[in-house]
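# Descriptive analysis of the structure
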Amino acid sequence: MSDSLYTLIRSRIADPARPFIETGDGRNFSYGDAFALAGRFANALQAMGVQPGDRVAVQVDKSAEALILYLGVIAAGGVYLPLNVGYTLTELEYFIGDAEPRVVVCRPSAVAALAPVAGKLGVAHCVTLGDKGDGTLMDKAAAASPDFTAVPRAASDLAAILYTSGTTGRSKGAMLSHSNLASNALTLVDYWRFTKDDVLLHALPIFHTHGLFVASNIVLLTGAKMIFLNRFDADEVIRQLPRATAMMGVPTFYVRLLQHAGLTKELVKHIRLFVSGSAPLLADTHKEWEARTGHRILERYGMTETNMNTSNPYDAERIAGTVGFPLPGVSLRIADPETGKPLPQGEIGMIEVKGPNVFQGYWRMPEKTAAEFRADGFFITGDLGKIDDRGYVHIVGRGKDLIISGGYNVYPKEIETEIDALPGVVESAVIGVAHRDFGEGVTAVVVTSKGAALDEAGVLKALDGRLAKFKLPKRVFFVDDLPRNTMGKVQKNLLRDQYRDLYKA
Ligand code: MCA
Ligand code: AMP
């Protein structure tokens, strides 16, 4: 028997005529349409030599076809490797060199620059997919047969690799198996009561866990429908909300919608579920949302490496500022960060998890993988938390130096390395400062050598093109020295304090 996620999805769709994706420009897909296109993609990929286990790297704009490509890749037994469209050529070079994909799929506008780089790195095919369902991959798909029998896969075979940055060194590819994805999505279907009658308003990007797996896999496993927006646009979301029954978003979605005069109780009376995750939802936002709409947002907690770990309950009380209970099948403990010894109930420590949702390790980094697991198999999340006396998990901080801006992770070390390499820079510290829109705003504090003529605009210009735009500091400050403790470690908490009101207005 095959444990392919694709086979599972197909087995759960009883009526292929049911609508799957509705897009703004009328390129709509029933489940049958989607399976036919996935079959064409799978045949086209096989014709390009994709064998089970081969990586297919994809950096394209959001479209129904792009999501269906994910299905085509896993049907062919390939490993789907989605990449943020914001990544620059320099960043892509690393991912492609590390993952060694057989095929790279990019935007038509990017192929001239990317194809030579991919070719140099040994990629056999660089093909394109545009946001209107155009491109050379679509041409190949159109010429291929829609009939395809999914390549059998074992539960632990890889379905996807998603890169996530490390606090030190380069990005790590989190390897997710067919059963990691299937088990978590099936759990969420039950926990959040999804059925074929749901209509999910999908405004998230599809190159990260939230939009790709949490949102899309749930829909695919229930036969529900999605209204698929290319990006988050508050006006468009307000227009579409009355047609939906559920929406998933990062906290910035909710913050922005609260600023929209169109958000009323009447507008959302058909919605049964609002989910938030990927970054902390402020308790104030939670409360304001309830006062304005009558709905309590359901906050949940996950990671690229683990999919979803905890969720506030569907029926019982959803508590602002908590991420709810461990999901069925997920073991979660609070441990001493140094020793891994479980701490008494109520104490703050490292959140560690174990379960079928937890990934297979980092791609070609066995030492890094080993370092993030305890001997008894628990994964060390890097998040600090506690469990209250009612069993709700609270995330109280991060043991890792990480900024989450609008739901995107930014690793200070990566930005500091780029800034430190600029002429005239002695050292720098990059911190996350509370930001009214993005939750945290990337902020750089820089020490230059005497007489250096570097200013804020100069730093930003130098970083532009090397780092994705969402990683660029919103502000750059210059100081004589960075504050350090007696061990010589930069005291980022003091810097965060100093700049705490920067983005509040
Ligand atoms: C865009 N910009 C950003 C961000 N997004 N800067 C910082 N942080 C961001 N997140 C930049 C743009 O490049 C632009 O720069 C300027 O900010 C204004 O862009 P704007 O139009 O306002 O942005 P937007 O297009 O509206 O995007 C904001 C957004 C988007 C809707 C919040 O970032 C988004 O969709 N975020 C969702 C991320 C996500 O899905 N995360 C899930 C990860 P300039 O003006 O210079 O051009 S999965 C995960 O974390 C785990 C597993 C989990 O638990 O889910
Ligand atoms: P990523 O590596 O992009 O998957 O980001 C995972 C990280 O996002 C987690 O380790 C947490 O730090 C954070 N995160 C996800 N959901 C929440 C949440 N509901 N509240 C606070 N932090 C969250």
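Predicted model only: the values in this text are computed from it and were never measured.

### Quick word on the overall build of the protein chain
Of regular secondary structure, the protein chain possesses 15 helices and 24 strands. By the compact-globule yardstick of 23 Å for 505 residues, the protein chain fits well, its C-alpha radius of gyration being 23 Å. A principal-axis box enclosing the C-alpha atoms of the protein chain has dimensions of 65 × 55 × 50 Å. Here the protein chain holds 505 residues, and 56% of them are scored as buried. As displayed, the protein chain offers around 20,100 Å² of accessible surface, 52% of which is attributable to carbon and sulfur atoms.

### A look at empty space enclosed by the protein
Counting across every chain of the model gives two cavities of 30 Å³ or more. In terms of lining, the largest cavity is formed by P82, L83, N84, Y87, L162, Y163, F207 and H208. For the lining of the largest cavity, the residue count by class is six nonpolar, two polar and no charged. Counted as a void, the second largest cavity has a volume near 40 Å³. Lining the second largest cavity, in full, are L181, N184, A185, L188, F213, V214, N217 and N307. Counting residues per element, the ones that place at least two in the lining of the second largest cavity are α7 (178-191) and α8 (209-220). Broken down by element, the lining of the second largest cavity gets its largest block of residues, four residues, from α7.

### Structural notes on the sheet that holds strand β12 (residues 273-276)
Ordered in space as β2-β1-β10-β9-β11-β12-β13-β14-β15, the nine strands form an open sheet in which the pairing is mixed. The sheet is open, and its two edges are formed by β2 (29-30) and β15 (325-326), each paired on a single side. Bridge count for β12 against strand β13 (residues 298-303) is two bridges, and the pairing is parallel. Residue pairing for β13: S276 is matched across the bridge by E299.

### A short note on the site of ligand 1
Surveying the vicinity of ligand 1 reveals 25 residues, the closest of which are R256, S278, R300, S405 and K474. G302 places a polar main-chain atom, nitrogen or oxygen, 3.4 Å from an oxygen atom of ligand 1. For ligand 1, a nitrogen atom lies 2.9 Å from a polar atom in the side chain of K474. Compared with its free state, where it exposes 1,000 Å², ligand 1 has 75% of that area covered by protein. For the shell around ligand 1, the secondary-structure elements that each account for two or more residues are α8, α10 (251-258) and β13.

### Here we look at the site of ligand 2
In the region of ligand 2, 16 residues are neighbours, and R300, T304, D383, K400 and N409 sit closest. Within the contact set of ligand 2, a nitrogen atom lies 2.9 Å away from a side-chain nitrogen or oxygen of E299. Within the side chain of T304, a nitrogen or oxygen atom sits 2.6 Å from an oxygen atom of ligand 2. Protein chains bury 91% of the 500 Å² of accessible surface belonging to ligand 2 in isolation. Looking at the shell around ligand 2, the elements with two or more residues in it are β13 and β19 (393-398). Of the residues belonging to the shell around ligand 2, the class tally is seven nonpolar, four polar and five charged.

### Describing the UniProt feature "domain: AMP-binding enzyme C-terminal" (unreviewed entry) in the protein chain
The feature "domain: AMP-binding enzyme C-terminal" (unreviewed entry), as annotated in UniProt, sits at residues 414-489 in this numbering. As annotated, residues 414-489 has a helix share of 20% and a strand share of 33%, and its two end C-alpha atoms lie 17 Å apart.

### Some details on the sheet that holds strand β17 (residues 349-354)
Sheet architecture is open: four strands sit in the order β16-β17-β18-β19, paired in antiparallel fashion. Each edge of the sheet is formed by a strand with only one pairing partner; in this case those strands are β16 (331-335) and β19. If you compare each strand with its neighbour and ignore which way they point, the axes differ by 50° on average.

### Considering the pattern of salt bridges
Scanning the entire structure with this criterion turns up 34 salt bridges. For R333, the salt bridge identified is with E352, shortest N-O distance 3.0 Å. With R333 in strand β16 and E352 in strand β17, the pair connects residues that are 19 residues apart, well separated along the chain. Like E352, R333 is buried.

### Digging into the side chain of H178
Looking at where H178 falls in the secondary structure, it is placed in helix α7. Only 2.9 Å separates the side chain of H178 from the backbone nitrogen of L5, close enough to count as a polar contact. When sequence neighbours within four positions are dropped, the list of residues in contact with H178 reads D3, S4, L5, I74, R153, A154, A155, D157, L158 and A159.

### A closer look at the nonpolar core
Within the largest apolar cluster, 154 residues are counted, with the highest numbers of intra-cluster contacts made by F20, Y70, V105, W192 and M248. Per-element accounting of this core gives the leading share, 10 residues, to helix α3 (residues 64-75). Leaving out residues up to four positions away in the same chain, M248 has contacts with W192, F194, L200, L201, L204, H210, V214, A215, I218, F253, Y254 and V275.

### Side note on α3
Under the 1.5 Å per step criterion, the end-to-end length of α3 is 17 Å for 12 residues, consistent within 8% with the ideal 16 Å. The element α3 is largely enclosed, with a buried count of 12 among its 12 residues. Buried residues of α3: A64, E65, A66, L67, I68, L69, Y70, L71, G72, V73, I74 and A75, and no others. Trailing α3 by a residue or two, G77 shows a phi angle of about 85°, which is positive.

### Topic: helix α4 (residues 89-99)
Buried residues of α4: E91, L92, Y94, F95, I96, D98 and A99, and no others. In this structure, the buried residues of α4 make contact with β3 (55-59), β4 (79-82), β5 (103-106), α5 (111-120), β7 (158-164) and α13 (412-420).

Basis of the calculations
- Residues numbered from 1 in each chain as written.
- Chains lettered and ligands numbered in written order.
- Predicted model: local features only at pLDDT ≥ 70, side-chain atom pairs only at ≥ 80, totals over all residues.
- Heavy atoms only, no water.
- Helix = DSSP H or I, 4+ residues; strand = E, 2+ residues; numbered from the N terminus.
- Rg over C-alpha atoms; globule rule 2.2 N^0.38 Å.
- Buried < 20%, exposed > 50% of the residue type's maximum accessible area, 1.4 Å probe, protein only.
- Areas by Shrake-Rupley, 256 points an atom, 1.4 Å probe, with all protein chains shown as cover.
- 1 Å grid on protein atoms, 1.4 Å probe; cavity = no way out; pocket = protein on both sides within 12 Å on 5 of 7 lines; lining within 4 Å.
- Points joined across faces, edges and corners; volume = space filled by probe spheres on them.
- Nonpolar A, V, L, I, M, F, W, Y, C, P; charged D, E, K, R; others polar.
- Pairing = 2+ DSSP bridges.
- Near = heavy atom within 4 Å.
- Polar contact = N/O pair within 3.5 Å; in protein donor to acceptor, adjacent residues only side chain to side chain.
- UniProt positions renumbered as here; feature names shortened; annotations may be inferred.
- Axes fitted to C-alpha atoms, helices over the stretch in contact; angles between N-to-C directions.
- Salt bridge = Lys/Arg side-chain N within 4 Å of Asp/Glu carboxyl O.
- Contact = heavy atoms within 4.5 Å.
- Core = buried A, V, L, I, M, F, W, Y, C linked by side-chain atoms within 4.5 Å.
- Expected span 1.5 Å × (residues − 1).

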